[in-house]
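Below are the chains, spelled out letter by letter.
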Amino acid sequence: MQLIQDEFEKSNKIYGSPRIAKKLKEKNHNVSHSYIARIMKRLNLRSKTRKKVQSYHRF
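Residues numbered from 1 in each chain as written. Predicted model: local features only at pLDDT ≥ 70, side-chain atom pairs only at ≥ 80, totals over all residues. Heavy atoms only, no water.

Draft legend 1. Local environment of the overall build of the protein chain. The helix and strand tally for the protein chain stands at three helices and zero strands. The N-to-C order of helical and strand elements in the protein chain reads α-α-α. With the principal axes as the frame, the protein chain shows a C-alpha extent of 50 × 25 × 20 Å. Split into buried and exposed, the 59 residues of the protein chain put 22% on the buried side. Pairs at least 24 apart in sequence give 48% of the contacts found in the protein chain among residues at least 6 apart. Carbon and sulfur atoms make up 49% of the accessible area of the protein chain, which amounts to about 5,500 Å² in all. Both charge centroids of the protein chain, one from 16 positive and one from 4 negative side chains, sit 12 Å from each other. (Helix = DSSP H or I, 4+ residues; strand = E, 2+ residues; numbered from the N terminus. Buried < 20%, exposed > 50% of the residue type's maximum accessible area, 1.4 Å probe, protein only. Contact = heavy atoms within 4.5 Å. Areas by Shrake-Rupley, 256 points an atom, 1.4 Å probe, with all protein chains shown as cover. Lys, Arg positive; Asp, Glu negative; His and termini not counted. Charge placed at Lys NZ, Arg CZ, Asp CG, Glu CD.)

Structure (structure tokens):
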């Protein structure tokens, strides 16, 4: 759990479970993204979402 929180904090709270799983696999920790998603939900960790760019251009 601590590894997941550490990676989440290092990413400035941007990374979700797939990216955290990829980072942990690079460090030789074999975990699935669904397992990480469950732990993140339990710890109330939510990644920041990007805002959609609104176009004001009219035709």
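Draft legend 2. Just the nonpolar core, in detail. Residues Ile-4, Phe-8, Ile-20, Ala-21, Leu-24, Ile-36, Ile-39, Met-40 and Leu-45 constitute the largest nonpolar core, which totals nine residues. Within the residue set of this core, elements represented by two or more residues are helix 1 (2-10), helix 2 (17-26) and helix 3 (33-42). Excluding anything up to four places from it in sequence, Ile-20 contacts Ile-4, Glu-7, Phe-8, Tyr-15, Ile-36 and Met-40. (Core = buried A, V, L, I, M, F, W, Y, C linked by side-chain atoms within 4.5 Å.)

Draft legend 3. Inspection of the pattern of salt bridges at higher detail. Taken as a whole and judged by the stated rule, the model has two salt bridges. A salt bridge links Glu-7 to Lys-10, with the shortest nitrogen-to-oxygen separation between them at 3.8 Å. One end of the pair is Glu-7 and the other is Lys-10, both in helix 1 and three residues apart, which spans about a single turn. Ionic pairing is found between Lys-27 and Glu-7, a salt bridge with its closest N-O pair at 2.5 Å. You can see Lys-27 sitting in the loop between helix 2 and helix 3 and its partner Glu-7 sitting in helix 1, a full 20 residues away along the chain. A relative accessible area of 6% means that Glu-7 is categorised as buried. Each member of the salt-bridge network shares a partner with another, and the members are Glu-7, Lys-10 and Lys-27. (Salt bridge = Lys/Arg side-chain N within 4 Å of Asp/Glu carboxyl O.)

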